[in-house]
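# Observations on the model geometry
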Amino acid sequence: RDFHLAFSPERVDPGRTDAAAARELAARAQGEGVALLLLGNSFGSDDAAAGVARALKAGAPSLPLLQFPAQAAQLVAEAGGVLLLSLVSGRNPQYL
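Residues numbered from 1 in each chain as written. Predicted model: local features only at pLDDT ≥ 70, side-chain atom pairs only at ≥ 80, totals over all residues. Heavy atoms only, no water.

### Considering the side chain of aspartate 13
What counts, and what does not: Segments assigned H or I by DSSP are reported as helices when at least four residues long, segments assigned E as strands when at least two residues long, and all are numbered from the N terminus. Throughout, exposure labels follow a simple rule: accessible area from a 1.4 Å probe, protein chains only, divided by the maximum for the residue type, with under 20% read as buried, over 50% as exposed, and the rest as partly exposed. Any two residues whose heavy atoms approach within 4.5 Å at even a single point are treated as in contact.
Structurally, aspartate 13 can be placed in the loop between β1 (9-12) and α1 (19-31). Judged by relative accessible area, which is 12%, aspartate 13 ranks as buried. Discounting residues that sit within four places of it in the chain, aspartate 13 has contacts with Gly40 and Asn41.

Encoded structure:
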């Protein structure tokens, strides 16, 4: 039997994407067969992560949402998982 796995995530930076654009992007990504949504950035200076996460889940409720936060304060409840490596390999020496 043939086995094919296509992994195509869509990354969203909450510092550069507002909620309306995030919802539209998520709906389009779901329709085009994207496997999951990634939310985060490397700088940790953004307070919009929760609102963008809610918009992503509203636009694509069936897609998994994984977060790669620059700092622990950016964690949001809407994310189904967290890429912790982004904390220990990021720019914040507090997590090293």
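After that view, the rundown keeps rolling.
### Some thoughts on the side chain of glutamine 67
To keep things clear, this is the line we draw: Residues adjacent in sequence count toward polar contacts only when both atoms are side-chain atoms; beyond that, a polar contact is any pair of N or O atoms within 3.5 Å, and within protein one must be able to donate a hydrogen and the other to accept it.
Within the fold, glutamine 67 resides in strand β3 (residues 65-68). Glutamine 67 sits in the buried class, given a relative accessible area of 2%. One polar contact links the side chain of glutamine 67 to the main-chain amide nitrogen of valine 76, over a distance of 3.1 Å. Filtering out sequence-adjacent residues up to four positions away, glutamine 67 remains in contact with Leu39, Ala49, Gln74, Leu75, Val76, Ala79, Gly81, Val82 and Leu83.

### Quick notes on the pairing of β1
Let me state the cut-off plainly: Note on pairing: DSSP must find at least two bridges between two strands before they are called paired. Seen with the strands pointing away from the viewer, any crossover whose path from the first strand over the helix to the second strand runs clockwise is right-handed.
Note that β1 and strand β2 (residues 36-40) share 4 bridges and pair parallel. Bridging across to β2, arginine 11 finds its partner in leucine 38. Taken together, β1, α1 and β2 constitute a β-α-β crossover, and its handedness is right-handed.

### Remarks on the nonpolar core
Inside soluble globular proteins, nonpolar side chains tend to come together where they are buried. What counts is decided by this rule: Here, nonpolar core refers to any group of buried Ala, Val, Leu, Ile, Met, Phe, Trp, Tyr and Cys residues whose side-chain atoms link them within 4.5 Å.
Grouped together as the largest cluster of nonpolar side chains are 18 residues, with contacts concentrated most on Val12, Leu37, Leu39, Val52, Leu56, Leu65 and Val76. Mapped onto this core, the elements with two or more residues apiece are α1, β2 and α2 (49-59). Filtering out sequence-adjacent residues up to four positions away, leucine 37 remains in contact with Glu10, Ala26, Ala29, Leu56, Ala60, Leu63, Pro64, Leu65 and Leu66.

### As for the confidence of the model for the chain
Put simply, the rule reads: The pLDDT value expresses, per residue, how confident the predictor is, ranging between 0 and 100.
Of the residues in the chain, 77% reach a pLDDT of 70 or more, and the chain-wide mean stands at 83. Confidence scores differ between elements of the chain, with helix α3 (residues 85-88) showing the lowest mean pLDDT of 67 and α2 the highest of 95. In the model, residues 1-5 has pLDDT below 50 throughout and makes 0 contacts with residues more than four positions away in sequence or in other chains.

### Examining α2
Definition in use: The directions from the helix axis to the C-beta atoms form the arc being described.
Among the residues of α2, Ala49, Val52, Ala53, Ala55, Leu56 and Gly59 are the ones counted as buried. Across the axial projection of α2, the buried residues extend over an arc of 165 degrees, all falling on one side. Looking at the buried residues of α2, the elements they touch are β1, α1, β2 and β3.

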